[in-house]
Protein chains: 2
Amino acid sequence: MNNVITVERKVLEKNDAIAMRLRQTWSSQNIFAANFVSSPGSGKTSLLEATIPRLKNILPMAVIEGDVQTDLDARRIHALDVPVVQIVTNGACHLEAQLVDDAFMRLHEKNIRLLMIENVGNLVCPSSYDLGENMKIVIVSVTEGDDKPLKYPAMFVKASVLIINKIDLLPYVQSDLTTLRGNALSVNPSLRVFEMSCTTGKGVDEWCAWLCSQVKD
Amino acid sequence: MNNVITVERKVLEKNDAIAMRLRQTWSSQNIFAANFVSSPGSGKTSLLEATIPRLKNILPMAVIEGDVQTDLDARRIHALDVPVVQIVTNGACHLEAQLVDDAFMRLHEKNIRLLMIENVGNLVCPSSYDLGENMKIVIVSVTEGDDKPLKYPAMFVKASVLIINKIDLLPYVQSDLTTLRGNALSVNPSLRVFEMSCTTGKGVDEWCAWLCSQVKD
């Protein structure tokens, strides 16, 4: 398997070089980039749909959507009247920096302050790929089980923020927020944690205020 | 990227050769093998926990658990008093046939009729890896969004069975079973679909009867 490991290392090195260039570009343009990661169905797109209307008149923004197939997510974002580019990976399980670079080139509106990148739904592979973002934001929903940070630790180690989503479902599922939060913090004690329901809107204002504060004046 | 593609093809070819050997072994021993795949938190382990007590006195069985980290799932299965071996992939996003072969060698109880393999929680990567199973069984929960079969089609194409789980949560989420089922069947019209709640037990008996019928006399 040595060949595989060598090739994989080269792929990651090439990815990291492109990511570093993207990070420099965005920094020089005063753009804050966030890479949203989670399992399929945890609510990445719903989080963007909750965030965009609250911030789009304050922060010029754009979205890059990553999916294995379909442009369903880009259509949902386009309906909110912000610039969006869809990446279809055609089977690949994560976004890479080159794809994000290509997508950014296709964004007509470059005068933005906030770039939100929605990764492919996958709690494992995207953790290895730097996209040039300022931070990874990992989302888990309370329906997924409180043990997820322990079973998929890499993503929680790499993330700066954890959003615990779908808290409106807490009365109906076997989940304990203290346990879930504790498991996440045991893996990464510096995680900033937000509890939220994109369906009811609970917690969304606090998250948006914090995200806004991260974008430099 | 040609080097990567070539190496990946060799890895898959090697995997498929081991899988074919496993399939022949299990067939000769009259063992039916099922490979359970889903996103993290869709309920693979809960499905096994619902299935095992109903069938363990009828069908001698064993379980192979796959996780990126921890033996939490193997402990849950061990509590049900069936033979179980845990594979920890240490970061890898899917099971491979060699790992399953190694795990099967470590099973002390070989006189079984049903082998249930719980894959790593990942709706993308495990679709590419044959483990020698008779069939893949994909699980989605109604909390994940009805568009999942369209956005992650490969897994639904490769699966023979779709289990729609957590139907007890239908009153509280925006999900329509007809849409979800229709999306899945549009990707793979031959999918056998079961609707289920491992929490309330609804639909579990029907699934268990069907699974039992698949294991040859």
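Please read all numbers here as calculations on a predicted model, not as lab measurements.

K.L.:
Just checking my understanding: could you explain the environment of T51 of chain B for this structure?
P.N.:
Residue and element names in this part refer to chain B. Residue position: T51 is located in helix α2 (residues 44-55). T51 sits 31 residues away from M20 along the chain, and the two C-alpha atoms are 27 Å apart. Ignoring any residue separated from it by four or fewer positions in sequence, one finds T51 in contact with M116, W207, C208 and L211.

K.L.:
How do you make sense of the side chain of E118 of chain A when you look at a structure like this?
P.N.:
Residues and elements named next belong to chain A. Mapped onto the secondary structure, E118 falls in strand β4 (residues 114-118). The charged side chain of E118 is buried without a salt bridge, its nearest counter-charge being K44 at 4.4 Å. Here the side chain of E118 touches T45 through a polar contact of 2.8 Å, side chain to side chain. Once you skip the residues sitting within four places of it in the chain, E118 turns out to touch F36, K44, T45, L48, I64, E65, G66, D73 and L95.

K.L.:
In this structure, what is going on with the interface of chain A and chain B? I would like to understand it.
P.N.:
Often the size quoted for an interface is simply the accessible area lost on bringing the parts together. Each side of the interface is counted separately: chain A has 35 residues, and chain B has 35 residues. Taking both sides of the interface into account, the surface hidden between chain A and chain B amounts to around 2800 Å²; carbon and sulfur atoms contribute 67%. Three residues stand out in chain A for area buried against chain B, namely P40, K151 and Y172 of chain A, and they jointly supply 21% of the buried area on that side. In this assembly, chain A and chain B are joined by 4 salt bridges.

K.L.:
Is there a simple way to explain the sheet that holds strand β4 (residues 114-118) of chain B in this structure?
P.N.:
In any sheet, the strands associate via hydrogen bonds between backbone groups, in a parallel or an antiparallel arrangement. All names here are of chain B. Ordered in space as β3-β2-β4-β1-β5-β6-β7, the 7 strands form an open sheet in which the pairing is parallel. With one partner strand each, in any of the chains shown, β3 (84-88) and β7 (192-195) form the two edges of the open sheet. With strand direction ignored, the average angle separating the axes of adjacent strands in the sheet is 20 degrees. By the bridge criterion, 5 bridges tie strand β5 (residues 135-141) to strand β6 (residues 161-165) in an arrangement that is parallel. Its bridge partner being in β6, I139 is matched across the sheet by I163. Strand contacts of helix α7 (residues 177-187): β5, β6 and β7, with the helix running at about 155 degrees to β7, the strand carrying the most contacts.

K.L.:
Got a minute to help me understand the nonpolar core in this structure?
P.N.:
Across soluble globular proteins, nonpolar side chains have a tendency to be buried as a group. Core analysis: the largest hydrophobic core is formed by 48 residues, its most contacted members being F156, L162 and I164 of chain A together with F156, L162 and I164 of chain B. Those elements giving two or more residues to this core turn out to be β5 (135-141), α6 (153-158), β6 (161-165) and α7 (177-187) of chain A together with β5, α6 (153-158), β6 and α7 of chain B. The contact partners of I164 of chain B, leaving out residues within four places of it in the chain, are V140, V142, L177, L180, V193, F194, E195 and M196 of chain B.

K.L.:
How should I be thinking about the pattern of salt bridges in this particular structure?
P.N.:
Pairs may arise between side chains of opposite charge once their charged atoms sit close together. Using the criterion set out here, one finds 24 salt bridges over all chains in the structure. Between K151 of chain B and D67 of chain A there is a salt bridge; the shortest N-O distance is 3.9 Å. Taken together, the positions of K151 of chain B in helix α5 (residues 148-151) and D67 of chain A in strand β2 (residues 61-67) put the pair across two chains. We note that K151 of chain B, like D67 of chain A, is buried. With its nearest N and O atoms 2.9 Å apart, the salt bridge here joins R75 of chain A to D71 of chain A. Classification of R75 of chain A as exposed rests on a relative accessible area of 55%. Among the charged side chains, a salt-bridge network with shared partners connects E49, D67, D73 and R76 of chain A together with D147, K148 and K151 of chain B.

So, how was this worked out
The written sequence of each chain sets the order in which its residues are numbered from 1. Here the convention is simple: chains get letters from A, ligands get numbers from 1, in the order in which they are written. Residues qualify for local features only when their pLDDT is at least 70, as the model is predicted, and side-chain atom pairs are given and counted only at 80 or more; totals for whole chains, interfaces and linings, by contrast, use all residues. Computation of side-chain values: all heavy atoms of the structure, hydrogens and water removed. Helix and strand labels come from DSSP, where a helix needs a run of H or I of at least four residues and a strand needs a run of E of at least two; each type is numbered from the N terminus. A contact between two residues is defined here by any heavy atoms of the two lying within 4.5 Å. For every residue, the accessible area obtained with a 1.4 Å probe (protein chains only) is divided by the maximum for its type, and the residue is called buried under 20%, exposed over 50%, and partly exposed between those limits. Think of it this way: Lys and Arg go in the positive column, Asp and Glu in the negative one, and His and the chain ends go nowhere. By definition, a salt bridge exists where a carboxyl oxygen of Asp or Glu is found within 4 Å of a side-chain nitrogen of Lys or Arg. A 3.5 Å cut-off defines polar contacts: any pair of N or O atoms within that distance qualifies, except that in protein one atom must be a possible hydrogen donor and the other a possible acceptor, and neighbouring residues in sequence count only when both atoms are side-chain atoms. Two parts lose some accessible area (1.4 Å probe) when they are put together, and adding that loss for both gives the buried area. Paired strands, as defined in this entry, are two strands with at least two bridges between them according to DSSP. Only the contacting stretch of a helix is used when fitting its axis, a line to C-alpha atoms as for every element, and angles between N-to-C directions run 0 to 180 degrees. Only buried residues count toward a nonpolar core. Its members are Ala, Val, Leu, Ile, Met, Phe, Trp, Tyr and Cys residues joined through side-chain atoms within 4.5 Å.

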